[in-house]
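Chain by chain, the residues:
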Amino acid sequence: MTFRFLLVSALLVLSVCARYHFSADAPGRLLPGQTVWVSYFTNTTAYANGAVTLRRSLYDQFAEMRSVMPAPHRDQADIIVEGVFNGYGAGVVSYSALDAAREYRLTIGAEVTVRKRGQQITDKPLWKGSVSAWQDYPVSATSIEYQRSSEQAALVEASRKLAQQVLWRIEQQY
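Scope of this entry: the structure provided in the associated data block. Computed from a prediction, not measured in an experiment: that's the story for all the values here. Along each chain, residues carry numbers from 1 onward, in the same order as the chain's sequence is written. Where local features are concerned, this predicted model is filtered to residues with pLDDT of at least 70; where side-chain atom pairs are given and counted, the filter is 80 or more; whole-chain, interface and lining totals use all residues. Only hydrogens and water are removed before side-chain values are computed, so all heavy atoms of the structure are retained for them.

### A word on the pairing of strand 1 (residues 35-38)
Item 1. With 2 bridges joining them, strand 1 and strand 3 (residues 69-70) adopt parallel strand pairing. The residue of strand 3 that forms the bridge with Thr 35 is Met 69. By definition, two strands form a pair when at least two bridges between them are found by DSSP. Secondary structure elements are taken from DSSP: a helix is a run of H or I of four residues or more, a strand is a run of E of two residues or more, and numbering for both begins at the N terminus.

Written out as structure tokens, the structure is:
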């Protein structure tokens, strides 16, 4: 009796496990050795450097997180990333006791489309969606150079976070 129970239990577990798959086995899985081309994003903001910083961060994150290296040309890429850099804004997030701004929050956003090589514009992309990220940075009342440097560092960090979101969403398909 217990042998039959164990046999039925084992068969049940095997049948359930046969249908299970890791989310990284999805069609959007990024494999080491693939290549990526990140097009220059259309920039609809007043901040010219934002789209360039995001492009650099996308290349860096593809390489660091998944060992997907830059392609020498768009036609030679396995994955093509393009989009619109459509958000750049900073606002005060904390104040001092004297009611002066202490910290700003830089928020960036983009519409991103990711395609596999050979996909046409009319084909369903590998992933398409909106992403945004933010980073806080300190206010400097004494030096405009320090203020701009802090804002640039926040842009680099927010771009890194946004690029990570793109990779995760490609692989998770949402």
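### A word on the pattern of salt bridges
Item 1. A side-chain nitrogen of Lys or Arg and a carboxyl oxygen of Asp or Glu constitute a salt bridge if their distance falls within 4 Å. Across all of its chains, the model carries 7 salt bridges by this definition.
Item 2. With a closest N to O distance of 2.9 Å, Arg 66 and Glu 171 form a salt bridge. Of this pair, Arg 66 sits in helix 2 (residues 49-66) while Glu 171 sits in helix 3 (residues 144-172), placing them 105 residues apart in sequence.
Item 3. Summary of the burial criterion: residues with accessible area below 20% of their type's maximum are buried, those above 50% are exposed, and those between are partly exposed, where the area comes from a 1.4 Å probe applied to protein chains only. When its relative accessible area of 22% is taken as the criterion, Arg 66 is described as partly exposed.
Item 4. One salt-bridge network, held together by shared partners, links Arg 74, Glu 82 and Arg 115.

### A closer look at the environment of Pro 125
Item 1. Locating Pro 125 in the fold gives a position in the loop between strand 5 (101-116) and strand 6 (127-138).
Item 2. In the structure, Pro 125 is positioned 10 residues away from Arg 115 in sequence and 4.9 Å away in space, judged by C-alpha atoms.

### Looking at the side chain of Thr 45
Item 1. Tracing the backbone shows Thr 45 in the loop between strand 2 (42-43) and helix 2.
Item 2. Polar contacts, as counted here, are pairs of nitrogen or oxygen atoms within 3.5 Å of one another; within protein the pair requires one atom able to donate a hydrogen and one able to accept it, and residues that are adjacent in sequence qualify only if both atoms are side-chain atoms. Polar contacts involving the side chain of Thr 45 include one to the side chain of Asn 43, which spans 2.6 Å.
Item 3. From its side chain, Thr 45 meets the backbone nitrogen of Tyr 47 in a polar contact 3.2 Å long.
Item 4. Among residues more than four places away in sequence, those in contact with Thr 45 are Phe 85, Asn 86, Gly 87 and Tyr 88. Pairs of residues are marked as contacts when any of their non-hydrogen atoms sit within 4.5 Å.

### Observations concerning the side chain of Gln 147
Item 1. Topologically, Gln 147 is positioned in helix 3.
Item 2. Leave out the neighbours within four places in its chain, and Gln 147 touches Tyr 104, Tyr 137, Pro 138, Val 139 and Ser 140.

### Considering the packing of aromatic side chains
Item 1. Aromatic rings from Phe, Tyr and Trp, taking only the six-membered ring of Trp, are treated as a pair when their centres fall within 6.5 Å; an angle between ring planes under 30 degrees marks them as stacked, one over 60 as edge-to-face, and anything in between as tilted. Under the criterion given, the structure shown has 2 aromatic pairs.
Item 2. Between Tyr 47 and Tyr 88, the ring centres sit 4.2 Å apart and the planes meet at 10 degrees, which makes this aromatic pair stacked. Placement of Tyr 47 in the loop between strand 2 and helix 2 and of Tyr 88 in strand 4 (residues 79-95) is noted, with a sequence separation of 41 residues between them.
Item 3. A relative accessible area of 23% means that Tyr 47 is categorised as partly exposed.
Item 4. Geometry around Trp 37 places Arg 55 over its ring, the cationic atom sitting 5.5 Å from the centre.
Item 5. The lysine or arginine in question, Arg 55, covers the ring of Tyr 40, its NZ or CZ lying 3.9 Å from the ring centre. Only when the NZ atom of a Lys or the CZ atom of an Arg is both within 6 Å of the ring centre and within 35 degrees of the ring normal do we say a charge sits over the ring.

### Concerning the nonpolar core
Item 1. Counting residues in hydrophobic clusters, the biggest one holds 31 residues, and the most contacted among them are Phe 41, Leu 58, Phe 62, Val 81, Val 112 and Val 114.
Item 2. Listed by contribution, the elements that provide at least two residues to this core are strand 1, helix 2, strand 4, strand 5, strand 6 and helix 3.
Item 3. Broken down by element, the residue count for this core peaks at 8 residues, all from helix 3.
Item 4. The residues touching Val 114, leaving out its near neighbours within four places in the chain, are Ile 79, Ile 80, Val 81, Gln 119, Pro 125, Leu 126, Trp 127, Val 166 and Ile 170. By nonpolar core we mean a set of buried residues, namely Ala, Val, Leu, Ile, Met, Phe, Trp, Tyr and Cys, connected to one another through side-chain atoms within 4.5 Å.

Honestly, it's all geometry; don't read function into it.
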